[in-house]
Amino acid sequence: MGKHLAHTFVSRARQASAVAGPGSIVVDVVIVGAGFAGMYMLHRLREVGFSALVLEAGSGVGGTWHWNRYPGARCDVESMQYSYQFSDELQQEWDWTEKYATQPEILRYANHVADRFDLRRDIRFNVRVEAAQFDDDRGSWLLTSENGERFFATYCVMATGCLSAVNRARIDGLESFKGKVYHTGEWPQEGVDFSGQRVAVIGTGSSAIQAIPIIAEQAASLYVFQRTPNYTVPAHNAPLDARHRQAVKDRYRDFRDEAKQSFAGIHFRYNPESAVEVSEQRRREEFEARWACGGVTFMGAFSDLLFDRRANDAAAEFVRSKIRQIVEDPEVAEMLCPDNIIGCKRLCVDTGYYATFNRSNVRLIDVRESPIEGITAEGVGAGGMTYLVDAIVLATGFDAMTGALMRIDIRNGSDEALAEKWQHGPRAYLGLMISRFPNLFTITGPGSPSVLTNMLPSIEQHVEWIGDCLVHLRESGKKRIDATEEAERRWVEHVNEVAGGNLRSTCSSWYVGANIPGKPRVFMPYIGGFPAYVGKCEEIVARDYEGFAIT
Ligand code: NAP
């Protein structure tokens, strides 16, 4: 930071703290969350000369990777891609060890980034933000923590994550259970050893599918309570070949640029053929090749898998045929076979999931027809039986995309609550700003591609956009930015229109809020693809921040 700028901040902070009162902290920008979004936001703001402070509820950096420490937790985007690219030195010096990094390795990486860029001195850990209120007269945000600490800032950036507000699922009697209850998204830091225990896992989404094979190896017996079977493809994880790693590093910039041209911001082989136009044999060959390669790029096997029901049915039937091959008991295999649209809910990636049901200590309990009746002190009741267990693992997911924001009492200068504004579903301009809530930014918010893309490049794009926007405001002598209602309305319409043409919007997933009772059903992420979205953001800036009121 230049000497002049530093002086400006100190004097501005002094003036402001006189207004804010003793014990309050005043900065240009307050950032909520020290995951990958919050960490890079802090770094970027420092680079362009703003004072910033990060408030983090957890005791360390890493966000998702700080909290989700359940056994088997691993990213299903390849490690060479699920990493920052803003610093070439960083991406050159860090050596990932596996094709898909484990949670501990990603957390080590997050800590390395925090140390390397000296981020911790501007992060307050164990501070959970409870409320954020904009003051129209002062033109600043006041954030209040659970412990009553107060933080004033001209701008507020919510880097609170898309899958961070856990959904504990309301199951009668849970509090009466005398054993331990864990949620995959709030796993104890010291880890859990299930050796010799009888364990229940509730849920069969991505988290459960990763955890179940490992828990099954430890536990004396494992009951898996499945409401909806999920499609999962093998990861075929392996140690990273040093030559491959170096080859990517040698052309990292080009590699990253190529990835950004793809729909999901992920570098992979996309097949432009239509599944319904090729022969049965060609279809099978391509699906087999994708299965052998592993990972979420299975959905890139043909261009129409998410647009044409017949194409989708072919992919779904292929996966069902694999389940029937792997699972020895035909009845269990049928219970595991999903009958919905493949890729409609997030495709899962596993290591040995289906084969786990061949183990004699694992039992699958279908709770679709007869839901879990309740939990007693001893175990889980379903289908008229009580399954006696020592521990329960809730792999019941998250209040996605809006949950973390709605759990903070966010209010604008007219005391309107965000919860009120979003009572019929989230509305935001580009997933970056919310009209009538000035100077408040969201990173990968609803209406941005976020969860449908590789999160890291999506985060970096948002952070850089916000950083540039604040520089623009400073250079034009302005201090207030708000999305216009009209621009927001048009963007929301566009988001809905694009979602309407995609099979993904048609089923009950967390993408549409269907996993949370009472949550309005709205397809929340932008499904127009990463390149189209980035193009739109750039176009808006080139048109002098079209759709934003800057005063
Ligand atoms: P999820 O996909 O929402 O799965 C939650 C599971 O809990 C579902 O099977 C759901 O059943 C079940 N469930 C919820 N309430 C229930 C109840 N009352 N009774 C019985 N079952 C209940 O959550 P998740 O597995 O944590 O994954 C969330 C997202 O996080 C993923 O989609 C992915 O984007 C991300 N994630 C990624 C990775 C990775 O990179 N490999 C790993 C983990 C998570 P229904 O389907 O019937 O609602």
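Thresholds, definitions, all that
Residues numbered from 1 in each chain as written. Predicted model: local features only at pLDDT ≥ 70, side-chain atom pairs only at ≥ 80, totals over all residues. Heavy atoms only, no water. Core = buried A, V, L, I, M, F, W, Y, C linked by side-chain atoms within 4.5 Å. Buried < 20%, exposed > 50% of the residue type's maximum accessible area, 1.4 Å probe, protein only. Helix = DSSP H or I, 4+ residues; strand = E, 2+ residues; numbered from the N terminus. Contact = heavy atoms within 4.5 Å. 1 Å grid on protein atoms, 1.4 Å probe; cavity = no way out; pocket = protein on both sides within 12 Å on 5 of 7 lines; lining within 4 Å. Points joined across faces, edges and corners; volume = space filled by probe spheres on them. Nonpolar A, V, L, I, M, F, W, Y, C, P; charged D, E, K, R; others polar. Near = heavy atom within 4 Å. Polar contact = N/O pair within 3.5 Å; in protein donor to acceptor, adjacent residues only side chain to side chain. Areas by Shrake-Rupley, 256 points an atom, 1.4 Å probe, with all protein chains shown as cover. Domains from an automatic or database assignment. Buried area = accessible area lost by both parts, 1.4 Å probe. Salt bridge = Lys/Arg side-chain N within 4 Å of Asp/Glu carboxyl O. Disulfide = S-S within 2.5 Å. Pairing = 2+ DSSP bridges. Right-handed = clockwise from strand over helix to strand, strands pointing away. Phe/Tyr/Trp six-rings, centres within 6.5 Å; stacked < 30°, edge-to-face > 60°. Lys NZ or Arg CZ within 6 Å of the ring centre and 35° of its normal. Axes fitted to C-alpha atoms, helices over the stretch in contact; angles between N-to-C directions. pLDDT = per-residue confidence, 0-100.

Q: Would you mind going over the nonpolar core with me for this structure?
A: Grouped burial of nonpolar side chains is what soluble globular proteins tend to show. Ile31, Phe36, Phe441 and Phe548 are the most contacted members of the largest nonpolar core, which has 80 residues in total. Broken down by element, this core gets its largest block of residues, 10 residues, from helix H15 (residues 455-475). Here Ile31 is in contact with Gly38, Met41, Leu42, Leu45, Ala52, Leu53, Val54, Leu55, Val157 and Ala159, once residues within four sequence places are set aside. By size, the runner-up hydrophobic cluster in this structure holds 54 residues, among which are Phe194, Trp291, Ala316 and Ala333.

Q: Even after reading the chapter, I still don't get empty space enclosed by the protein, so can you show me in this structure?
A: Here the idea is plain: a probe the size of a water molecule rolls over the atoms and shows the empty space left. For the structure on display, the rule yields 5 cavities of 30 Å³ or more. Counted as a void, the largest cavity has a volume near 80 Å³. Contributing to the lining of the largest cavity are Pro426, Arg427, Ala428, Pro446, Gly447, Trp491, Val492, Val495, Asn496, Val522, Phe523 and Met524. Here the lining of the largest cavity is composed, by residue class, of 9 nonpolar, 2 polar and 1 charged.

Q: Even after reading the chapter, I still don't get the site of the ligand, so can you show me in this structure?
A: In the vicinity of the ligand there are 22 residues, among which Thr204, Ser207, Arg227, Thr228 and Lys345 approach most closely. A distance of 2.5 Å separates an oxygen atom of the ligand from a polar side-chain atom of Lys345. In isolation the ligand has 910 Å² of accessible area, and contact with the protein removes 87% of it. For the shell around the ligand, the element with the most residues is helix H6 (residues 206-218), which contributes 3 residues. Residues of the shell around the ligand, tallied by class, amount to 8 nonpolar, 9 polar and 5 charged. Looking at the shell around the ligand, you find at least three residues from each of domain 1 (3-165 + 400-550) and domain 2 (166-224 + 363-393).

Q: Any chance you could explain the domain arrangement of the protein here in plain terms?
A: How big an interface is tends to be reported as the loss of accessible area on association of its parts. Taken domain by domain, the protein holds domain 1 (3-165 + 400-550) and domain 2 (166-224 + 363-393). Averaged C-alpha coordinates put domain 1 and domain 2 at centres separated by 33 Å. Approximately 1,300 Å² of surface area, both sides summed, lies buried where domain 1 meets domain 2, with 48% of it carried by carbon and sulfur atoms. Broken down residue by residue, the surface that domain 1 buries against domain 2 is led by Arg69, Tyr70 and Pro71, which jointly contribute 46%. For the pair domain 1 and domain 2, the interface holds 0 salt bridges. Across the side of domain 1 that touches domain 2, the residue classes break down as 7 nonpolar, 6 polar and 3 charged.

Q: How should I be thinking about the state of the cysteines in this particular structure?
A: What is meant by a disulfide is a covalent connection between two cysteines, made through their sulfur atoms. With the rule as written, the count across this model stands at 1 disulfide. Paired by a disulfide, Cys344 and Cys507 hold their sulfur atoms 2.2 Å apart. Measuring the twist about the S-S bond at about -125°, one finds the Cys344-Cys507 disulfide to be left-handed. Here Cys344 is found in the loop between helix H11 (330-336) and strand S11 (348-350), whereas its partner Cys507 is found in the loop between helix H16 (485-500) and helix H17 (530-542), with 163 residues between them in sequence. Given the relative accessible area of 0%, Cys344 is considered buried. Look at Cys507 and you get buried, because its relative accessible area is 11%. The thiol of Cys156 is unpaired, and the distance to the nearest cysteine sulfur, on Cys469, comes to 14 Å. Cys469 takes part in no disulfide bond, and the closest cysteine sulfur to it belongs to Cys537, at a distance of 11 Å.

Q: Hey, could you run me through the pairing of strand S8 (residues 198-202) in this one?
A: Along any regular strand, the residues point their side chains to alternate faces of the sheet. Among the 5 residues in S8, 4 count as buried, and that is most of the element. As defined by bridge partners, S8 adjoins strand S9 (residues 221-226) across 5 bridges and the pair is classed as parallel. Looking at S9, one finds that Val201 is bridged to Val224. Handedness of the crossover is the feature at issue here: the chain leaves S8, passes through H6, returns alongside S9, and the resulting connection is right-handed. In terms of strand pairing, S8 meets strand S16 (residues 391-394) through 4 bridges, oriented parallel. The residue of S16 that forms the bridge with Val199 is Ala391.

Q: What should I look at first to understand the packing of aromatic side chains in this one?
A: For any pair of aromatic rings, the description rests on two quantities: the centre-to-centre distance and the angle between the ring planes. All told, the structure shown has 36 aromatic pairs when counted by the stated rule. Ring plane angle 35° and centroid distance 5.2 Å describe the contact between Tyr182 and Trp187, whose orientation is recorded as tilted. Taken together, the ring pairs connect Phe36, Tyr40, Trp65, Tyr82, Tyr84, Phe86, Trp94, Trp96, Tyr109 and Phe117 into an aromatic cluster. Positioned above the aromatic ring of Phe50 is the side chain of Arg474, whose terminal nitrogen or guanidinium carbon lies 4.4 Å from the ring centre.

Q: What's the story with the sheet that holds strand S7 (residues 180-183) in this structure? I'm lost.
A: As summarised here, the arrangement of the 5 strands in space is S7-S16-S8-S9-S12, forming an open sheet in which the pairing is parallel. Both outer strands of the open sheet, S7 and strand S12 (362-366), are each paired with one neighbouring strand and no more. Averaged over all adjacent pairs, the angle separating strand axes in this sheet is 20°, with direction ignored.

Q: Would you mind showing me how to read the confidence of the model for the protein here?
A: Low pLDDT means the predicted atomic positions in that stretch should not be read closely. When pLDDT is averaged along the protein, the result is 95, and 96% of the positions lie at 70 or above. In the predicted structure, residues 1-18 sits below a pLDDT of 50 and forms 14 contacts with residues beyond four places in sequence or in another chain.

Q: Would you mind showing me how to read the pattern of salt bridges here?
A: Side chains that carry opposite charge are capable of pairing whenever their charged atoms lie near each other. Per the stated rule, a full pass over the model turns up 43 salt bridges. The salt bridge involving Asp136 is made with Arg480; its shortest N-O contact spans 2.9 Å. Within this pair, whereas Asp136 is found in the loop between strand S4 (129-135) and strand S5 (140-145), its partner Arg480 is found in the loop between H15 and strand S19 (481-483), the two being separated by 344 residues in sequence. A residue is classified by how much of its surface remains accessible, and Asp136, at 36% relative accessible area, is partly exposed. Its relative accessible area of 28% is what places Arg480 among the partly exposed residues. A salt bridge links Arg436 to Glu416; the nearest nitrogen and oxygen atoms lie 2.6 Å apart. Here Glu416 lies in the loop between strand S17 (409-411) and helix H14 (418-421) and Arg436 lies in the loop between H14 and strand S18 (440-442), a separation of 20 residues in the sequence. Here the residues in one salt-bridge network are Arg269, Glu273, Arg282, Glu285, Glu286 and Arg290, joined through shared partners.

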